[in-house]
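Structural features, examined
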Amino acid sequence: MNIPVTVLSGYLGSGKTTLLQHILHQKEHLKIAVIVNDMSEINIDSQMIKKHGVIRSDEKLVELQNGCICCTLREDLLLEVEKLVDENYFDYIVIESSGISEPIPVAQTFTYMDEELGVDLSKKCRLDTMVTVVDAEHFWEHYSSGDSLIERKQAVSEEDEREVVDLLVDQIEFANVILLNKAEMIDKASLQLLKSFMRKLNAEAEIIETTYSQVPLENILNTRSFQFEKASQSAGWIKELNEEHVPETEEYRISSFVFKSKKPFHPTRFMNWLENWPTEVVRAKGFFWLASRNEEVGLLSQAGMNVTISGAGNWVATYPLEERESLLIEDEKLRQTWDHQYGDRLTELVLIGVSMSHEQIASSLQECVLTDAEMKSNWKTLADPLPLFRE
């Protein structure tokens, strides 16, 4: 029988170690192996667990430190889990990831075979629950800070260019259980607003309000609720693009809509729009068509103060005829949206906001689209002030 695994994620200070202590105090008959990941040379979280004496002498605490299990220590994680499973003693494995760890690479460790090491944890373990702990008291402060991990001296390396807000979003969008911890520290209206935003970011996760990370263990252990493919499609923006609209929560001022256009953006007008980002939009993601880059798919991603554009490959319309026709046969949605002149080129942007006027924002985006006269002009002559796409 595969050993179930629960992974605890969440930004620094959210309450992951407090949650781990709670699990170990309340576990009763379960023989749990614990893996604690800390970025520092001294694994402070594991020291706290040891000092509280919640690991029994017949149980095990594995320390993975001075690195992150989603990247530099991923191989170590895989091998340590394999060793624990092969001991054939433990009932359960709980992993407390570092505060800057991304959940998807960790989940992939348990989902796909590592060809290089020849280890397939999916045959030995069952990834049971992906828990993300959110600091309700300081969430908006972190979300709107505009800080990078390097600026906060929390980066994995000098090449780690991640923003704090992107990390928060990654941890929330991929979880299947979200704990809004320190819920008692904010008023009811603020808590409901935050809860509504969590639902917009992740349409599938169970959201639980907690104080000191106190949660019934049946909500986070042996839930049998995690499915990798489902989690990969649970982000609210993906649901919206797939026309699975997440119900509005207007009483808490959170709403969303999809802006669509079958005409491309004018690069200068779109750049101006991006530079004057509407403050009420707190999360946006989707694909866009830029007139001056007619072959490339643009990808827009915004969270808090961080707005990025990048490339997402080429439009199917640019593919060789045989490959293009094959994809049209296979993909019904592609056939439905296909334009006889421009193929699959179109803009689909999901915007999530607080007290957001859908009409005003849609209208401002529509002003960035080429006019009928511009559609007949030579797009290659248009000035393009946007930064180059990075894949």
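The structure displayed is predicted, hence computed values, not measured ones.

1. Quick word on the overall build of the chain
Secondary structure assignment for the chain yields 14 helices and twelve strands. Among the 391 residues that make up the chain, the fraction classed as buried is 53%. Once local pairs closer than 6 in sequence are excluded, the contacts in the chain between residues at least 24 apart make up 77%. When the accessible area of the chain is evaluated, it comes to approximately 18300 Å², of which 49% is carbon and sulfur surface.

2. What to know about helix α1 (residues 16-26)
Of all eleven residues that make up α1, eight are buried, and the element is covered over most of its length. Just beyond α1, the residue with positive phi is E28, at close to 55°.

3. Thoughts on the pairing of strand β2 (residues 32-38)
Regular strands show a simple pattern: their side chains alternate between the two faces of the sheet. Counting buried positions along β2 gives seven out of seven residues, so the element sits mostly inside the fold. Burial along β2 is two-sided: the face carrying I32, V34, V36 and D38 and the face carrying A33, I35 and N37 are both buried. Note that β2 and strand β4 (residues 92-96) share five bridges and pair parallel. From the neighbouring strand, I32 faces β4, where its bridge partner is Y92.

4. Here's the deal with the packing of helix α3 (residues 74-86) against helix α4 (residues 103-111)
The relative placement of two packed helices is expressed as an angle between their axes plus a distance between the axes. One can describe the packing of α3 onto α4 by two numbers: an axis separation of 11 Å at closest approach and a directional angle of 40°. Taken together, the axes of α3 and α4 lie oblique to each other. In the packing of α3 onto α4, the handedness of the crossing is right-handed. Listed contacts from α4 to R74, L77, L78 and V81 of α3 are P105, V106, Q108, T109 and F110. A class-by-class count of the residues in the contact of α3 with α4 yields six nonpolar, two polar and one charged.

About the cut-offs
Residues numbered from 1 in each chain as written. Predicted model: local features only at pLDDT ≥ 70, side-chain atom pairs only at ≥ 80, totals over all residues. Heavy atoms only, no water. Helix = DSSP H or I, 4+ residues; strand = E, 2+ residues; numbered from the N terminus. Buried < 20%, exposed > 50% of the residue type's maximum accessible area, 1.4 Å probe, protein only. Contact = heavy atoms within 4.5 Å. Areas by Shrake-Rupley, 256 points an atom, 1.4 Å probe, with all protein chains shown as cover. Pairing = 2+ DSSP bridges. Axes fitted to C-alpha atoms, helices over the stretch in contact; angles between N-to-C directions. Parallel < 35°, antiparallel > 145°, perpendicular 65-115°, else oblique. Left-handed = near helix turned anticlockwise from the far one by under 90°. Nonpolar A, V, L, I, M, F, W, Y, C, P; charged D, E, K, R; others polar.

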